[in-house]
Amino acid sequence: MIILYLFLGILIATIGALPLGAVNLAVINTSIKENINRALSIALAAGVGELVLAFFALHCSMELSVFFQENQWIQISFIVVFFAVGVYFMWLINKIKPIPKQRKIKLANSKFLTGFSLAVLNPPVIVYWILAISLTDKYIFKLTSQNPLSSLLLFFLGIYLGKIGTLYFYGKWGNRMANKKEDSKTKLHKIIGIALITLSIFQSIKFLTE
């Protein structure tokens, strides 16, 4: 029975990681411009960031929910950022000259920090984990900080595996795109841009109607 916590962690993390977000896009973009190993570094770090968010959601779900209600500027900031990055991918990325080789090396060395930061600095994901943990505790089985350590460890292991597994899938997809003609990369950039702009619009509507 306790093994269900592992599968539940994998399922919840996979569902949360499937929609295109900042981390997914970073993994895809890195696998296209560099290679799958660099993209995997982002995925592994993002998995750690996801654990941090899930841990805080488990311990501070009520406090975090109130915090985001009282500090709506955080959500507004991310709406603006998503829209701006979407515009960048839609119209600007293909017009900018390639980054010099030395600069690429410098960025490659910070892939872990990039993945961790994008995962942690993401309020919608915190809200997702608050809802997921609350609904699980209410309708499936007990899931609180008072659970046995063994069940919590399996749950968090599942979260990590689900997150990096989903991101690895995105990375492989980006890697396949990289092996195709340049036109495919341009189309992918536009798809990423549209996804981010759509996400920002959706978040704006949700914010205004709450």
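The structure displayed is predicted, hence computed values, not measured ones.

All right, on to the packing of aromatic side chains then. Taken as a whole, this structure holds five aromatic pairs when the rule is applied. When the ring of Phe 55 is compared with that of Phe 156, the centres are 6.4 Å apart and the planes differ by 45 degrees; the resulting orientation is tilted. Residue Phe 55 is located in helix α3 (residues 36–70), and its partner Phe 156 is located in helix α8 (residues 149–178); the two are separated by 101 residues in the primary sequence. Linked through ring pairs, Phe 55, Phe 56, Phe 155 and Phe 156 together constitute an aromatic cluster.

A few words on a nonpolar patch on the surface. On the surface, Ile 2, Ile 3, Leu 4 and Phe 7 cluster together into a nonpolar patch covering about 350 Å² of accessible area. Mapped onto the elements of the fold, Phe 7 is located in helix α1 (residues 4–17).

On to the nonpolar core, then. Judged by nonpolar contacts, the single largest core of 20 residues is most densely connected at Trp 129, Leu 143, Phe 155 and Ile 159. Elements supplying a minimum of two residues to this core: α1, α3, α7 (123–139) and α8. Examining the composition of this core, we find that six residues originate from one element, α7, more than from any other. Discounting chain neighbours no more than four positions away, the residues touching Phe 155 are Tyr 5, Leu 6, Leu 8, Gly 9, Ile 12, Trp 129 and Leu 143. Among the nonpolar cores identified, the runner-up in size contains ten residues, and Ile 42, Ala 43, Ala 46 and Leu 167 belong to it.

Spanning twelve residues, helix α2 (residues 22–33) covers 16 Å between terminal C-alpha atoms, matching the ideal 16 Å at 1.5 Å per step. Judged by how many residues are buried, α2 sits mostly within the fold: eleven of twelve residues are covered. Among all positions in α2, only Ala 22, Val 23, Asn 24, Leu 25, Ala 26, Val 27, Ile 28, Asn 29, Thr 30, Ser 31 and Ile 32 are buried.

Applying the stated criterion to the full structure yields one salt bridge. The closest approach of N and O atoms between Glu 50 and Lys 163, which form a salt bridge, is 3.3 Å. On the criterion of sequence distance, the pair formed by Glu 50 in helix α3 and Lys 163 in helix α8 is long-range, its members being 113 residues apart. Both residues of the pair, Glu 50 and Lys 163, count as buried.

The rules behind these values
- Residues numbered from 1 in each chain as written.
- Predicted model: local features only at pLDDT ≥ 70, side-chain atom pairs only at ≥ 80, totals over all residues.
- Heavy atoms only, no water.
- Phe/Tyr/Trp six-rings, centres within 6.5 Å; stacked < 30°, edge-to-face > 60°.
- Helix = DSSP H or I, 4+ residues; strand = E, 2+ residues; numbered from the N terminus.
- Patch = residues over 30% accessible without salt bridge, like charges linked within 9 Å, V, L, I, M, F, W, Y side chains within 5 Å.
- Areas by Shrake-Rupley, 256 points an atom, 1.4 Å probe, with all protein chains shown as cover.
- Salt bridge = Lys/Arg side-chain N within 4 Å of Asp/Glu carboxyl O.
- Core = buried A, V, L, I, M, F, W, Y, C linked by side-chain atoms within 4.5 Å.
- Buried < 20%, exposed > 50% of the residue type's maximum accessible area, 1.4 Å probe, protein only.
- Contact = heavy atoms within 4.5 Å.
- Expected span 1.5 Å × (residues − 1).

It is worth stressing that arrangement in space is one thing and function is another; only the former is reported here.
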